[in-house]
Amino acid sequence: MKKILTSFSCLVLLSVSFSCKDVLEEKPLDFYSPENSFVSYDDYQRGLTDLYAKVRTICYAATEYKPYLTATDIAQDGRYQLTARFGGHTNYLVPTNSDVLLHWRSWYKIVSNANTILARVGNSGLTDDEKTLITAEAKFFRAFAYRFLVYLWGGVPLITEEVTAPKADFVRASKAEVLEQIISDATEAANNLPPINQVTDGKVSNLVAQQLLAETYIALERYDEAIAAASVVIDDPNTDLMQNRFGSMANQNPQDELLNFTQPGDVYWDLFRVGNQNRSSGNREALWVIQYETDIPGGILESTGGYAHMHTLERVAGPASWLTLRDPDGEEGAIGVPMSDYNTGGAGVSLMMNTDFFLYDLWESDWNNDIRNAPHNIVRDLVYTNPASAWYGKSAVENPGSTLIEQPWRWYPHPSKITTPGQHPDGVYVDKSLGTIKNTAGALYRDRYMMRLAETYLLRAEAYLGKGDQQNAANDINAVRQRSKATPVEPADVTLDYILDERARELVYEEPRRITLHRTGKLVERVRKYNTLNKDEIQDYHQLWPIPYSEIEANKDAVLEQNPGY
């Protein structure tokens, strides 16, 4: 009997053992996991599509104006605040700041997801060609994420393998090691991604990877390699700087009845009309365009539900002049609703404005001939819109009432590319015949350039300058300036600061300006020189961001060193 009981006990224990094992080995039958999410080629494409969506959200959602555009040499907090919306550095850029943590984690999430794809595609049942293409695209996004991480924080933890278990012993790689990893990933992407004429709108191509390579080689002072990479993009038979009118409004001219201008349009204006950003519209200058579709699932934008804190450049960079605006007699000078015109700048709320350096100093020598400074490309006047006002139709800039005197942030000159004058979607209009739009508009209802060819020329100019070739640097800058009817620069006048000036003229509110200034080591110097709001509060150590305190605290098994000054 004792033997029988012993055998039964063993059987029970064995049965329990198997039962526990079955319970612990969870099989993902009705939910997604890495094991069942990456099987077919379409599965991997969905994983890559999520990386595009994450980049779109990080760079162009409601937080876009905070880290990458505001408190630089060309833009500042629109309401003159140093403690909100990344308006300042000393009071805002601290290790406990939620925006700092958000962007740290968001870029590392892209690294993590790319690593998951890369860890699984090699052993998948896909064809060799499919594996090569997916690997190239995932490595591009990993490199692109590290681009932001390395310029904002310097040397950061370099993670190139999938992390499948808790880990708390991350250490920082050197800045050079991170840049070399970007080179490695971007090189594989450049060698294996499809040509630009074979990708659909919004997808990255071999040329996009080449541009990332060119920029990274400059950071490593490998100028010949940077020139070679940029030249691949510039010399490609499928790319050109747009020289002539094109796209959805090629036969129309910018006009505004209140501002009393009807002017010949220009090619720079065409670059920012709705529907003109993609290569399918005939735009040979576009390299990588972030996609938006209004009222389509996945397109983010809605014409009926408001801007939903997505793609809010109009809201944050547009002035709030459509709100209560007193004329010189103290009466209502505005009709009280935003308009789809040049006059008010859409449904803005004055959260970010350009510095005087950008608005005035940059254009001084070419004020009347550089088309990028034309009244339809930079709006410099505001007209009273209320027909009941004795000042209706007259300039509020020349005849300011108490509102603009006491609250000068309520209106300021602005590039028209922050909005879409006369081209808002139908669902946004209150009365299309009057041009009035809802005060819940605020989004930028068009696609967004992530990279375009004008920047490639300016990157190659930077590389030529780095190796002391001012003549070729001037040639590349002048390719951009001549398209804009601007006076050519003389080779002897080409400096890094001049190139940064030209990038501002050409790429304002396109490039993530802070990334450019961090990369070139010019952030602190140029903010002190050109930004009157931030010049006294920015410190030398702000050349890098602080590592989020919560990340340092959680990394309990190793020291994640903080950047100096924090």
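Below: a short report on this structure.

Procedures and definitions
Residues numbered from 1 in each chain as written. Predicted model: local features only at pLDDT ≥ 70, side-chain atom pairs only at ≥ 80, totals over all residues. Heavy atoms only, no water. Core = buried A, V, L, I, M, F, W, Y, C linked by side-chain atoms within 4.5 Å. Buried < 20%, exposed > 50% of the residue type's maximum accessible area, 1.4 Å probe, protein only. Helix = DSSP H or I, 4+ residues; strand = E, 2+ residues; numbered from the N terminus. Contact = heavy atoms within 4.5 Å. Phe/Tyr/Trp six-rings, centres within 6.5 Å; stacked < 30°, edge-to-face > 60°. Lys NZ or Arg CZ within 6 Å of the ring centre and 35° of its normal. Expected span 1.5 Å × (residues − 1).

As a further point, take the nonpolar core. For soluble globular proteins, the rule of thumb is that nonpolar side chains tend to be buried together. In this structure, Trp107, Phe140 and Trp288 are the most contacted members of the largest nonpolar core, which totals 105 residues. Counting residues per element, this core draws most heavily on helix H5 (residues 128-153), at 15 residues. Apart from residues lying up to four places away in sequence, Trp107 is in contact with Val55, Ile58, Cys59, Tyr68, Phe144, Ala145, Phe148 and Leu149. By size, the runner-up hydrophobic cluster in this structure holds 21 residues, among which are Val316, Ala317, Leu444 and Tyr530.

With that settled, consider the packing of aromatic side chains. Here a ring pair, both rings aromatic, is described through the centre-centre distance and the interplanar angle of the planes. With the rule as written, the count across this model stands at 25 aromatic pairs. A centroid spacing of 5.5 Å and a plane angle of 75 degrees characterise the contact between Phe140 and Trp288, whose relative ring orientation is edge-to-face. Within this pair, whereas Phe140 is found in helix H5, its partner Trp288 is found in strand E4 (residues 286-290), the two being separated by 148 residues in sequence. Take Phe140 and Trp288: they sit in the same class, and that class is buried. One aromatic cluster is present, built from ring pairs that chain together Tyr52, Tyr68, Trp107, Phe140, Phe141, Phe144, Phe148 and Trp288. Over the ring of Tyr292 we find Arg56; its NZ or CZ atom is 5.4 Å from the centre of that ring.

A few words now on helix H15 (residues 496-507). For H15, with 12 residues, the first-to-last C-alpha span of 16 Å sits near the 16 Å given by 1.5 Å per residue. Summarising burial for H15: 10 of the 12 residues are buried, a large majority. Those residues of H15 not exposed but buried are Tyr498, Ile499, Leu500, Asp501, Glu502, Arg503, Ala504, Arg505, Glu506 and Leu507. Just past H15, the residue Tyr509 takes up positive phi, approximately 60 degrees.

Peptide bonds are, in most cases, trans, and in most cases residues other than glycine have a negative phi. The phi dihedral of Lys485 falls on the positive side, at around 65 degrees, and the residue is not glycine. Residue Lys485 is classed as exposed on the basis of its relative accessible area, which comes to 55%. Positioned with a positive phi, Tyr509 is a non-glycine residue whose angle comes to about 60 degrees. Relative to the helices and strands, Tyr509 resides in the loop between H15 and helix H16 (513-520). Tyr509 gets classed as buried once you look at its relative accessible area, which sits at 4%.

Purely geometric numbers; function is a separate question.
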